[in-house]
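Descriptive analysis of the structure
Letter by letter, the chains look like this.
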Amino acid sequence: MQWRSVVLGLLLLRLGLQALLALLPALAPGLCLRRRFPFPFPPPLAALRPPDPHSSHWGSLLRRGGLGGAAGGDEYERRYSGAFPPQLRARLRDAARGMFVFGYDSYMQHAFPRDELDPLHCRGRGPDRHDPSNLNINDVLGNYSLTLIDALDTLAVMGNSSEFQKAVKLVIDTVSFDKDSTVQVFEATIRVLGSLLSAHIIITDTKQPFGDMTIKDYDNELLHMAHDLAVRLLPAFENTKTGIPYPRVNLKNGVPPDSHNETCTAGAGSLLVEFGILSRLLGDSTFEWVARRAVKALWSLRSNNTGLLGNVVNIQTGHWVGKQSGLGAGSDSFYEYLLKSYILFGEQEDLEMFNDAYRNIQNHLRRGREACNEGEGDPPLYVNVNMFTGQLMNTWIDSLQAFLPGLQVLIGDVEDAICLHAFYYAIWKRYGALPERYNWQLQAPDVPFYPLRPELVESTYLLYQATKNPFYLHVGMDILQSLEKYTKAKCGYATLHHVVEKTKEDRMESFFLSETCKYLYLLFDEENPLHKSGNKYMFTTEGHIVSVDERFRNSLWQDILPGEEDSTERGKPNELKALNFSSNCNRVPDERRYLLPLKSNYMRQIDQMVGLI
């Protein structure tokens, strides 16, 4: 009832102001009215270049569509509330597609068949053979046309069947994994293995919801390639006393003799979705078995006191080398894949582990007031703590943690997701990007670069799907504008070396095309088959789409999976019972669809916390 009263009050206020505005020309013919904001927003709409700049009149669309909410109310309501014009949404969808096309075409023209594009010098990049210790490059680049592979399902989602078919044939004809390349098991799994499986599922889908993505005379080549790659990754799981895999493997020769025995929780524990899909498509339990064994090994090492896990572990001794428990780098996707493995495979123990982990996260990592949209105190924030004591370890959060609101949407904890998303969006508004690490106490970046990461866009998209609140379309528009303004380069889009100075680095990581552009496009493409076809899809941690259907719920090897006690207890495809959070989807009333998802006073509080005002 409180929100209905607010809506009625705003309506009456708007009517009164409209009547006043009608009288103003007669009362004060020389008066010029101008809307003002007390803090800087992203650049004006004209700064963003859509695919056809000569026919773009976004400002007029804003005026005709009534965007900007009621004339009354505070700055936040005027900026964000109200309907979002469909014409503007269509232009933003086309702009997101244009962003992808420019990056993809630049890669194909200047970099293929190398792994990545250097957008400043318009050339390709592969592994750093001269410096094997350059893990920032060599962990990711395996000399296997990474960017092309990673972008396959984005082509399908955007409905470009001809380029999808061409790209798939290029991958089949030119890519080999028989390479003397030492890569990180995690990166090869989520970027390459996951994309091959996603594209295979799209090609073989009898419904073909994205258009005709079939390949003439296709003989499961992508599935065979995925199998070949996974076999080359398997040595990482051998000769470890805990079952936790080595972090790196040479695709030709196995685990390097000088390999480190330390790995991060996310790297070792975020392989189950891709390995599980492969096992169930092949009917071979090997891959799911080793991935599940690694997850259970990590789970068994959690603190007896707090139930938390650290971020770096010794794979031989099980000793925690890194005792930080957080939700960013080194930990993030471990929790994500506990839930997504359950959604996809229906194994009850995955949900039980996730529920326990999420409860412990709430108890020890969450700071701030109990409820997002009511009460006194600081807004909710998830901090980094010592896994054994729960004591604060530092005062920074990293940009990878921006994935969490999207994960909270999947479990129905939408209210908490709204608050955390608003905090990251406020940081974006301040810098036009997310610094890799942000010190919330100093209100300044600790690590100032931004490599075109997708996590904030991902959470924005999922929150919009959950709430249909136009606020998140505004957020997406701001992100799109910032990317165009600050990261566009001669041949693609470049990493920001410093979010304050806006200097660029000569690198366009493959996830920009596989995730960032995809989530932006889907945010504005309401009619996309992914939303309308009736099929159910899930995004991997690299943004690859996989169908959620019964075939992944069936396996023939429950009796041999590690620690399996009851092979009959399996979740139904649409059943998800995560009961340990304090709020759920039903707490977001229908009346708030065209209002701010977060009350203005709380939004202002967050903007103050990051130094916007």
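This structure is a prediction, so every number in the text was calculated from the model and none was measured.

Criteria and thresholds
- Residues numbered from 1 in each chain as written.
- Predicted model: local features only at pLDDT ≥ 70, side-chain atom pairs only at ≥ 80, totals over all residues.
- Heavy atoms only, no water.
- Helix = DSSP H or I, 4+ residues; strand = E, 2+ residues; numbered from the N terminus.
- Buried < 20%, exposed > 50% of the residue type's maximum accessible area, 1.4 Å probe, protein only.
- Contact = heavy atoms within 4.5 Å.
- Areas by Shrake-Rupley, 256 points an atom, 1.4 Å probe, with all protein chains shown as cover.
- UniProt positions renumbered as here; feature names shortened; annotations may be inferred.
- Polar contact = N/O pair within 3.5 Å; in protein donor to acceptor, adjacent residues only side chain to side chain.
- Pairing = 2+ DSSP bridges.
- Axes fitted to C-alpha atoms, helices over the stretch in contact; angles between N-to-C directions.
- Phe/Tyr/Trp six-rings, centres within 6.5 Å; stacked < 30°, edge-to-face > 60°.
- Lys NZ or Arg CZ within 6 Å of the ring centre and 35° of its normal.
- Expected span 1.5 Å × (residues − 1).
- Disulfide = S-S within 2.5 Å.

Quick word on the overall build of the chain
- Of the regular secondary structure elements, the chain holds 22 helices and 20 strands.
- Burial analysis of the chain (613 residues in total) assigns 61% to the buried set.
- Taking all contacts inside the chain whose residues are at least 6 apart in sequence as the whole, residues at least 24 apart take part in 71%.
- A total accessible area of about 24,000 Å² is found for the chain, and carbon and sulfur atoms account for 50% of it.

Some points on the UniProt feature "binding site: Ca(2+)" (unreviewed entry) in the chain
- Residues given the UniProt feature "binding site: Ca(2+)" (unreviewed entry) here are Thr 541.
- Mapped onto the secondary structure, Thr 541 falls in the loop between strand E19 (537-539) and strand E20 (545-547).
- Owing to a relative accessible area of 14%, Thr 541 belongs among the buried residues under this scheme.
- Ignoring sequence-local partners within four residues, the contact set of Thr 541 consists of Ile 190, Ser 333, Glu 336, Tyr 337 and Glu 515.
- A distance of 2.8 Å separates a polar atom in the side chain of Thr 541 from a polar atom in the side chain of Glu 336.

Looking at the sheet that holds strand E12 (residues 396-398)
- As summarised here, the arrangement of the three strands in space is E12-E13-E14, forming an open sheet in which the pairing is antiparallel. Across the chains shown, the open sheet's two edge strands, defined by having one partner strand only, are E12 and strand E14 (444-447). Going across the sheet, the axis of each strand differs from the next one's by a mean of 35°, ignoring polarity.
- As judged from the three bridges shared by strand E13 (residues 437-439) and E14, these two strands associate in the antiparallel manner. Directly across from Tyr 438, in E14, lies its bridge partner Pro 445.
- Helix H17 (residues 414-431) contacts E12, E13 and E14 of the sheet and is inclined by roughly 95° relative to E13.

Here's the deal with the side chain of Thr 154
- Within the secondary structure layout, Thr 154 lies in helix H7 (residues 152-157).
- Residue classification places Thr 154 among the buried residues on the basis of a relative accessible area of 0%.
- For Thr 154, the contacting residues outside a window of four places in its chain are Phe 100, Leu 513, Ser 514 and Lys 518.

Description of the packing of aromatic side chains
- One pass over the structure, following the stated rule, counts 21 aromatic pairs.
- Measuring from centroid to centroid gives 6.3 Å for Phe 423 and Tyr 424, while their planes differ by 85°, and the two rings are edge-to-face.
- The ring of Tyr 486 has Lys 502 lying over it, and the distance from NZ or CZ to the ring centre is 4.8 Å.
- The ring centre of Tyr 342 lies 6.0 Å from the NZ or CZ of Arg 553, which sits over that ring.

Remarks on the sheet that holds strand E7 (residues 320-322)
- Sheet architecture is open: three strands sit in the order E5-E6-E7, paired in antiparallel fashion. In the strand order of this sheet, the two ends are held by strand E5 (262-264) and E7, each with one partner. When strand polarity is set aside, the average angle formed by the axes of neighbouring strands in this sheet is 35°.

So, helix H13 (residues 286-300)
- Compared with an ideal rise of 1.5 Å per residue, which puts 15 residues at 21 Å, H13 spans 21 Å between its outermost C-alpha atoms and is within 8% of the ideal.
- The buried fraction of H13 amounts to eleven of the 15 residues, a majority that puts the element mostly inside the structure.
- Residues of H13 that are buried include every one of Phe 287, Glu 288, Val 290, Ala 291, Arg 292, Ala 294, Val 295, Lys 296, Ala 297, Leu 298 and Trp 299, and no others.

Section: the state of the cysteines
- Taken as a whole and judged by the stated rule, the model has two disulfides.
- Note on cysteine connectivity: Cys 122 is disulfide-linked to Cys 491, with sulfurs 1.9 Å apart. Because the sign of the S-S torsion sets the handedness, a value of about 80° for the bond joining Cys 122 and Cys 491 places this disulfide among the right-handed ones. You can see Cys 122 sitting in the loop between strand E1 (116-118) and strand E2 (123-125) and its partner Cys 491 sitting in the loop between strand E15 (488-489) and strand E16 (492-493), a full 369 residues away along the chain.
- Exposure remark for Cys 491: the relative accessible area of 4% places this residue in the buried category.
- When the cysteines of the chain that form disulfides are numbered from the N-terminus onward, they connect as 1-4, 2-3.

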